[in-house]
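Chain by chain, the residues run as shown.
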Amino acid sequence: MPRLLIYIVAIPLVLVLAIAALLPLLLDEARLIQIATETLEERSGAKLRVNGDAGLSLLPRLSLRLEDTELQLPGEQQPDISVQRLSVDVFLLPLLSKEVAIKGIELAGLEVTVPAAEAAPASTTAGLSDAELQAFYVQRRQALRAGAEAGAGAALGLPLALNIANVTVSEARVRLLQPNGAAPQVIDIPSLQANDINLEGRPAELGANVEIAGEQALAITLQTRFTVSADQSTATVEALTVTIAGATPEPVKLQASGTIGINTQRAQLALELASGEITGQGTLAYSSFESPQIDAKLRLNLLDPALLLLAGPDAAATANTDTDGEDTALPLDAIRLADTRADLQVERAVFGPHTINNLRLRLRALEGVLKLDTITGTLHGGALSASGSLDAHRATAVLSSRGELTGLDSAALLAALESEPLLTGLADARWELQSRGNTSDTLLQNLQGPLNLTTRDMVLQQFGVERMLCEVVAQVNQASLSAQLPQQSTFEDLSARVTLGEGKAQLDPLQANLEHIGLRGTGSLDLNSNAFNATFSARLAPTLSELDPACRVNERLTAISWPVLCSGTLDGSPASWCRVDSKDIIASLTRNELERKAKEEGGRFLQRLFKGKDSDGN
């Protein structure tokens, strides 16, 4: 696009200079314009055809007017350019000293049609096999190399002493043709105004309004002040302000400064951004034909997924942010097209109901492999430290993650999920997980690996484990309760080793200690339905009677394991989760009592036997 703009400005200049050189011939206007267009073709290879009226005046300025004009650029796969009206006004006196001083250039009804690239990579990677994906990456690398070679060192030379007071473009349209007959991308430029274009180091100014059609239409306004080097290779941006509406819920305002390589299509910018309550600053390096295409270091006060456009223009255009429905396809096209390196520091990052404070994120995306080497921050009061990757280089994506979260506030987590405040306390988790799949449900179903969970000061509301067992003990003792038993469970410690696989979480061992009871058991959780079941063996401490005298225990009661059966869903009421298996308790007590009586009877028999022997003197 920068080279195209140079052609649009340069071609009229070369044409006017050719006319100025031919003025001494004093030919008629038609003949003068014909010779000038022939000279234009000799110098630049561009062919100009005027289908409408053409006019030329000499005083007070050299003025050229062309209507319904077409321009054919040299070479293959070049854009077609047409303009309804072209006007160029040049001051005559500077021409005598071989300087070009232009009062104005006006283009109205400009239309540029850019042909589709002959070797354009596939627009989507959905359904491609591993071999086809490999060919896709090779083809894309070749296209980038071809673009780099085509863009290197082929600038159209402008006069060294160039001054353009004003350039005005109105009602322009750029049509980018797509491969395979797809609908073209249409870019409308209702207005563009440039002032003091020069190659002498003076700041020039440019303003434009741009509209990009599509499913997500964009409206862009641009104001910039810049200088262009004498060899036309570099533009230095002193100030750039861009406002983009339509890409995000709130318009995005970007302010930048830096350098842009016109031929190499490389940019190194310092930037600031704002969108609603979001603000940020950092540096951004962009390269059309080098890797990484985008290299960003940004500090944001708030991260909104709608602003995650760091994957580059191709990836941003194909990213699907629609998350409606139970199962969501991964944005594989965006990941496979991305060529990005980013270092993000975010005061507050919002992901659905969850907020990570002081997030630090380092990532690299290339050819379908997204690596997150650093993920740190504070999540619901807990310290997060993790790393991970999503490898979509092949047909089936592979997810891996390892890390730890220490000091998670369970009450804050439930509040974020808008759940009842049934649990308080702190939790620590450590994991090393893997999965495969191209949708969110498939990744969840195939998730596997260990996760270790420990807690501190955990309290479960609406369910008292000690109350439940105390009531059963009172029945065994045939005594009535007199005290108000606790309605919640206060755990001295609670831990589980979780193994994920086949859409389930297996908890083995699952153990907990309360003041008067110890629990040991196993369980499982269905990750899709949140349904769980668990079986515990409870051991009673002699101090259980401190809750109520009816809960007194003796050796008979502390010697057995009290079976506790639990089942339900995580979003159900804890009061209905668990019960004590009374039949098993009665069987255990009966069995232990029989064993006790058998031992007693056996002891008496032995005593009588030995006493009988002693009385016989033997």
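The structure presented is a predicted model; accordingly, all values stated were derived computationally and were not measured.

What counts, and where the lines are drawn
Residues numbered from 1 in each chain as written. Predicted model: local features only at pLDDT ≥ 70, side-chain atom pairs only at ≥ 80, totals over all residues. Heavy atoms only, no water. Helix = DSSP H or I, 4+ residues; strand = E, 2+ residues; numbered from the N terminus. Buried < 20%, exposed > 50% of the residue type's maximum accessible area, 1.4 Å probe, protein only. Contact = heavy atoms within 4.5 Å. Expected span 1.5 Å × (residues − 1). Pairing = 2+ DSSP bridges. Salt bridge = Lys/Arg side-chain N within 4 Å of Asp/Glu carboxyl O. Disulfide = S-S within 2.5 Å. Polar contact = N/O pair within 3.5 Å; in protein donor to acceptor, adjacent residues only side chain to side chain. Patch = residues over 30% accessible without salt bridge, like charges linked within 9 Å, V, L, I, M, F, W, Y side chains within 5 Å. Areas by Shrake-Rupley, 256 points an atom, 1.4 Å probe, with all protein chains shown as cover. Lys, Arg positive; Asp, Glu negative; His and termini not counted. Charge placed at Lys NZ, Arg CZ, Asp CG, Glu CD. Core = buried A, V, L, I, M, F, W, Y, C linked by side-chain atoms within 4.5 Å. pLDDT = per-residue confidence, 0-100. Phe/Tyr/Trp six-rings, centres within 6.5 Å; stacked < 30°, edge-to-face > 60°.

The helix and strand inventory of the protein chain stands at 11 helices and 29 strands. Taking all 618 residues of the protein chain together, 39% fall into the buried category. A fraction of 51% describes how many contacts in the protein chain between residues 6 or more apart in sequence connect residues 24 or more apart.

All right, on to the side chain of Q293 then. Examined against the element boundaries, Q293 turns out to sit in the loop between β14 (278–287) and β15 (294–300). Given a relative accessible area of 6%, Q293 falls into the buried group. Aside from chain neighbours lying at most four places away, what touches Q293 is R140, L144, A285, Y286, S287, S288 and D339.

Moving on to helix α9 (residues 465–476). With 12 residues, α9 should cover 16 Å at 1.5 Å per step; its first-to-last C-alpha distance of 17 Å lies within 8% of that length. Along α9, the residues classified as buried are V465, E466, M468, L469, C470, V472, V473 and A474. Two residues or fewer after α9 comes Q478, characterised by a positive phi angle close to 55°.

It is worth spelling out the pairing of strand β24 (residues 493–501) at this point. Each regular strand displays side chains that alternate between the two surfaces of the sheet. Note that strand β22 (residues 449–460) and β24 share six bridges and pair antiparallel. Residue pairing for β24: N452 is matched across the bridge by R497. Bridge count between β24 and strand β25 (residues 504–513): eight bridges; the pairing is antiparallel. Bridge pairing in β25 places S495 opposite Q511.

Turning our attention to the pattern of salt bridges. For the structure on display, the rule yields 19 salt bridges. Across the salt bridge formed by R225 and E238, the nearest N and O atoms sit 3.0 Å from each other. With R225 in strand β10 (residues 218–228) and E238 in strand β11 (residues 234–245), this residue pair connects regions lying 13 residues apart in the sequence. Taking the shortest distance from any N to any O, the salt bridge between E432 and R402 comes out at 3.8 Å. Of this pair, E432 sits in strand β21 (residues 423–436) while R402 sits in strand β20 (residues 398–409), and the two are 30 residues apart along the sequence. A residue is classified by how much of its surface remains accessible, and E432, at 37% relative accessible area, is partly exposed. Given a relative accessible area of 48%, R402 falls into the partly exposed group. Each of the salt bridges in this network shares a partner with another, and the network as a whole consists of D196, E200 and R202.

Take unusual backbone geometry next. Backbone torsion omega between S291 and P292 reads 0°, so that peptide bond is classified as cis. Position of P292 relative to the elements: it lies in the loop between β14 and β15. Positive phi outside glycine occurs at Q462, with the angle close to 65°. Tracing the sequence through the fold places Q462 in the loop between β22 and α9. One non-glycine residue, E502, adopts positive backbone phi at about 55°.

Tallied over the entire structure, the rule returns two disulfides. Between the sulfur atoms of C470 and its disulfide mate C551 the distance is 1.4 Å. Residues C470 and C551 are joined by a disulfide whose S-S torsion is about 85°; by sign, that bridge is right-handed. With C470 in helix α9 and C551 in the loop between β27 (531–540) and α10 (555–558), this pair connects stretches of sequence that are 81 residues apart. A residue is classified by how much of its surface remains accessible, and C551, at 0% relative accessible area, is buried. With a sulfur-sulfur separation of 1.9 Å, C566 is cross-linked through a disulfide to C578. Classification of the bridge connecting C566 and C578 rests on its S-S torsion, roughly 110°, and on that basis the disulfide is right-handed. With C566 in strand β28 (residues 562–569) and C578 in strand β29 (residues 578–580), this residue pair connects regions lying 12 residues apart in the sequence.

Once that is clear, we can look at the side chain of D343. With respect to the helices, strands and loops of the structure, D343 is situated in strand β16 (residues 339–351). Among the residues examined, D343 registers a relative accessible area of 16% and is labelled buried. One polar contact links D343 to R360, side chain to side chain, over a distance of 2.9 Å.

The next point concerns a negative patch on the surface. Among the surface-exposed residues, E492, D493, E515 and E546 lie close enough to one another that they form a single negatively charged patch. With respect to the helices, strands and loops of the structure, D493 is situated in strand β24. Assessed through its relative accessible area of 31%, D493 is described here as partly exposed.

With that out of the way, let us pick up the nonpolar core. In this structure, L469, W562 and V564 are the most contacted members of the largest nonpolar core, which totals 112 residues. Take this core: its biggest share by element is six residues, from α9. For W562, the residues in contact, after removing those within four places along its chain, are L469, V472, V473, V476, F536, S537, A538, L540, L557 and I585. Core analysis: the second largest hydrophobic core is formed by seven residues, L390, A392, A397 and L443 among them.

Detail in the predicted coordinates should be disregarded across regions flagged by low pLDDT. For the protein chain, the average pLDDT comes to 82, and 79% of its residues sit at 70 or higher. Per-residue pLDDT stays below 50 along residues 308–313; that stretch engages in 16 contacts with residues further than four places along the chain or on separate chains. Below pLDDT 50 for its whole length, residues 315–325 participates in 11 contacts with residues either more than four positions away or in separate chains.

Its place among the elements puts L390 in strand β19 (residues 382–391). It is 5.2 Å that separates the C-alpha atoms of L390 and L370, two residues lying 20 residues apart in sequence. Sequence-distant contacts of L390, that is, excluding residues within four places in its chain, are made with L330, I335, G368, V369, L370, A397, V398 and L399.

Summed over all chains, the structure comprises two aromatic pairs. Ring plane angle 65° and centroid distance 5.5 Å describe the contact between F136 and Y137, whose orientation is recorded as edge-to-face. Each of the two residues, F136 as well as Y137, counts as buried. Between the aromatic rings of F532 and W577, the centroid separation amounts to 5.3 Å while the plane-to-plane angle is 85°, which identifies the pairing as edge-to-face. One end of the pair, F532, is in strand β27; the other, W577, is in the loop between β28 and β29, with 45 residues separating them in the sequence. Residue classification places W577 among the buried positions, given a relative accessible area of 15%.

Here we take up the environment of N166. For N166, the location among the structural elements is in strand β7 (residues 162–176). Among all residues touching N166, those that are not within four sequence positions of it are K103, G104, I105, Q193, A194 and N195.

Here we take up the environment of E347. You can see E347 is positioned in strand β16. Sequence separation between E347 and L303 is 44 residues, and the spatial gap between their C-alpha atoms is 8.1 Å. With residues near it in sequence (within four places) discarded, E347 still touches L300, N301, I356, N357 and N358.

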